[in-house]
Amino acid sequence: MWWDERVSARFRRNLQPTLTYWSVFFSFGLCIAFLGPTLLDLRCQTQSSLSQITWVFFSQQFCLLLGSCLGGVFKRTLAQSLLALFASSLAISLVFAIIPLCHNVVVLAVVMAVAGLAMGCIDTISNMQLVKIYQKDSAIFLQALHFFVGFGALLSPLIADPFLSDTNCILANGTANASSNLPHIRKSLLPHHPGNLSHYDLPMKGMVVTRVSYAFWIMALINLPVPIAVFFLLYKERMVPCFNGSSHPLLSADELALETRPGDKDELSTAAQRPHTAAAGHEDLFSCCQSKNFRGVSFTYFAVHITGALVLFMTDGIVGEYSGFVYSYAVEEPLAVVHKVAGYLPSLFWGFITLGRLISIPVSYRMKPATMVFINVVGVLITFLLLLIFSSSVVFLFVGTASLGLFLSSTFPSMLAYTEDILQYKGCATTVLVTGAGIGEMVLQLLVGSIIHDRGSYSFLVCGMIFGCLAFTFYALLVFFHRMYPKPCPELDEASPEKAAVPEDTGQYQR
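To start, this report covers the structure provided alongside it.

Basis of the calculations
- Residues numbered from 1 in each chain as written.
- Predicted model: local features only at pLDDT ≥ 70, side-chain atom pairs only at ≥ 80, totals over all residues.
- Heavy atoms only, no water.
- Axes fitted to C-alpha atoms, helices over the stretch in contact; angles between N-to-C directions.
- Helix = DSSP H or I, 4+ residues; strand = E, 2+ residues; numbered from the N terminus.
- Left-handed = near helix turned anticlockwise from the far one by under 90°.
- Contact = heavy atoms within 4.5 Å.
- Core = buried A, V, L, I, M, F, W, Y, C linked by side-chain atoms within 4.5 Å.
- Buried < 20%, exposed > 50% of the residue type's maximum accessible area, 1.4 Å probe, protein only.
- Parallel < 35°, antiparallel > 145°, perpendicular 65-115°, else oblique.
- Nonpolar A, V, L, I, M, F, W, Y, C, P; charged D, E, K, R; others polar.
- Phe/Tyr/Trp six-rings, centres within 6.5 Å; stacked < 30°, edge-to-face > 60°.
- Expected span 1.5 Å × (residues − 1).
- Polar contact = N/O pair within 3.5 Å; in protein donor to acceptor, adjacent residues only side chain to side chain.

Our focus in this paragraph is the packing of helix 6 (residues 105-134) against helix 22 (residues 429-455). Put simply, helix 6 and helix 22 touch, their axes get as near as 10 Å, and they point 145° apart. Like other packed secondary-structure pairs, helix 6 and helix 22 cross with a definite hand, here right-handed. Contact residues: helix 6 offers Asp-123, Thr-124, Asn-127, Met-128 and Val-131, while helix 22 offers Thr-430, Thr-431 and Val-434.

Membership of the largest hydrophobic core comes to 133 residues, with the highest contact counts inside it found for Phe-34, Phe-96, Ile-99, Met-112, Tyr-322, Phe-384 and Met-415. Contacts of Met-112, omitting those with residues within four sequence positions, involve Phe-34, Leu-35, Val-56, Ser-59, Gln-60, Val-95 and Ile-99.

What follows deals with the environment of Ala-476. Mapped onto the elements of the fold, Ala-476 is located in helix 23 (residues 459-484). The exposure class assigned to Ala-476 is partly exposed, which follows from its relative accessible area of 39%. In this structure, the C-alpha to C-alpha distance between Ala-476 and Val-311, residues 165 residues apart in sequence, is 9.7 Å.

Where helix 16 (residues 299-331) meets helix 19 (residues 369-389), the axes come as close as 13 Å, and the angle between the chain directions of the two elements is 30°. Here helix 19 runs roughly parallel to helix 16, going by the angle between their axes. As for how helix 16 packs across helix 19, the hand of that crossing is left-handed. Here Ile-318, Glu-321 and Tyr-322 of helix 16 lie close against helix 19, whose contacting residues are Val-380, Phe-384 and Leu-387. Residues belonging to the contact of helix 16 with helix 19 are distributed by class as follows: five nonpolar, no polar and one charged.

To continue, consider the environment of Val-462. Along the chain, Val-462 falls in helix 23. Once the C-alpha coordinates of Val-462 and Leu-385 are considered, the two residues, 77 residues apart in sequence, prove to be 9.0 Å apart.

Okay, the packing of aromatic side chains next. In this structure the tally under the stated criterion is 24 aromatic pairs. Measuring from ring centre to ring centre gives 5.7 Å for Phe-26 and Phe-151, while their planes differ by 35°; the resulting arrangement is tilted. Taken together, the residues Phe-26 in helix 2 (residues 15-32) and Phe-151 in helix 7 (residues 138-160) connect sequence positions 125 residues apart. Given a relative accessible area of 10%, Phe-26 falls into the buried group. Aromatic pair Phe-390 and Phe-396: ring centres 5.2 Å apart, planes at 45°, arrangement tilted. Residue classification places Phe-390 among the partly exposed residues on the basis of a relative accessible area of 42%.

With that settled, consider helix 20 (residues 394-409). For helix 20, with 16 residues, the first-to-last C-alpha span of 23 Å sits near the 22 Å given by 1.5 Å per residue. Taken as a whole, helix 20 has its buried residues at Phe-396, Leu-397, Gly-400, Thr-401, Ala-402, Ser-403, Leu-404, Gly-405, Leu-408 and Ser-409. In this structure, the buried side of helix 20 is in contact with helix 16, helix 18 (344-366), helix 19 and helix 21 (411-422). The distance from a side-chain oxygen at the start of helix 20 to the backbone nitrogen of Phe-396 is 3.1 Å, and the residue carrying that oxygen is Ser-393.

If you want it as structure tokens, here you go:
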């Protein structure tokens, strides 16, 4: 194997929880990308106007952010974390099953708000638990975790595509005229911000003929094994009510070997007796903001949290605004790309994000997270600069889209691993970074949408260039504060209870 035996043994000891967290993040990806291509059919299903259906986007994004902030509340213990993940992944399957039954836009917005809360909890808890399990070895496993987001985000539009309406999905007078504009309307209904298409009027009364319900039911079935996998992990850890037997979980060969070594056994026993100490560094956002957590810390403690969150505020914001508006930019002058061809750009972007995350899994084992983040932010900056220089080239727009997807793909997991490493896994980095990324994705999409509406499509690239410059600036500040951050004394670090609570070499799955 391309990693060393220590990491391999650690992965084998934590195989089931790791695979479970990866599968739960697949649910996250499956739920994040289906709204864009299905929005027109959902608008027909709810017989709502374009301005009304945009609230569905807002409800999902706002509750995703809220769920990210609240997710840390459920990870005080392993039982709470797994129960929250089980409820969240099951809620996503139920949401997919219920969406075809929502014939009112308000009901649809409420259902998507529930999905957003579930996605936010999954985002925070899965990242936190993997960091807690693998500590300094977490970078490679975080890269794999975020690969499954991209895989799910790619799969859901592919499932939906065969069931999307080719003609107007509401039969009424004037349907023929409305259906001629349908391809442009569908492609312009962006994944996160539909844009200004109010001049395209669809009939709001008539017989609904959409078949998109089948797509949602298929996605509900595909997602159903995920909560089942979480349930099995709960059962293995003896945390299912009415199934808590007195026998201990079976030990793997590696764990049995550890049990036969007295030193390791004592270390693991100490760790098992202090579950709350191990989790002390990963509180929810509100617990992080309590004044007792700030006593005796230097200003660089706050600076590392803030600059790390600002980097992800910009980079995740770029992901949202680029995937949302690249089609609108391509079909406008001076490029004037054919609508069908331009429709491949968002798919190309997400495809290379997924490919980049797959490539980053082995790369992250050989390269430090700080180096990967540096390459990412510089690559984003150079790509936007070249896109501005060759703004009249359709070919380079496709090349630049693929390049941007590759550079943005591993930014979040690399930044998370880097920041947690700076803070020795005792700060609130995971919660703060997840929250900052969620705010950036929501805010920058709205900002860029309004700027494009007022200043034209060329401002799309200008905004991306500005965000890339800010991301690089904040990363430089993070490196500066990293050098200033006080390093722990080795003697004290070895004697500290946190060191005993999370043994780095054993990799034991903590309760």
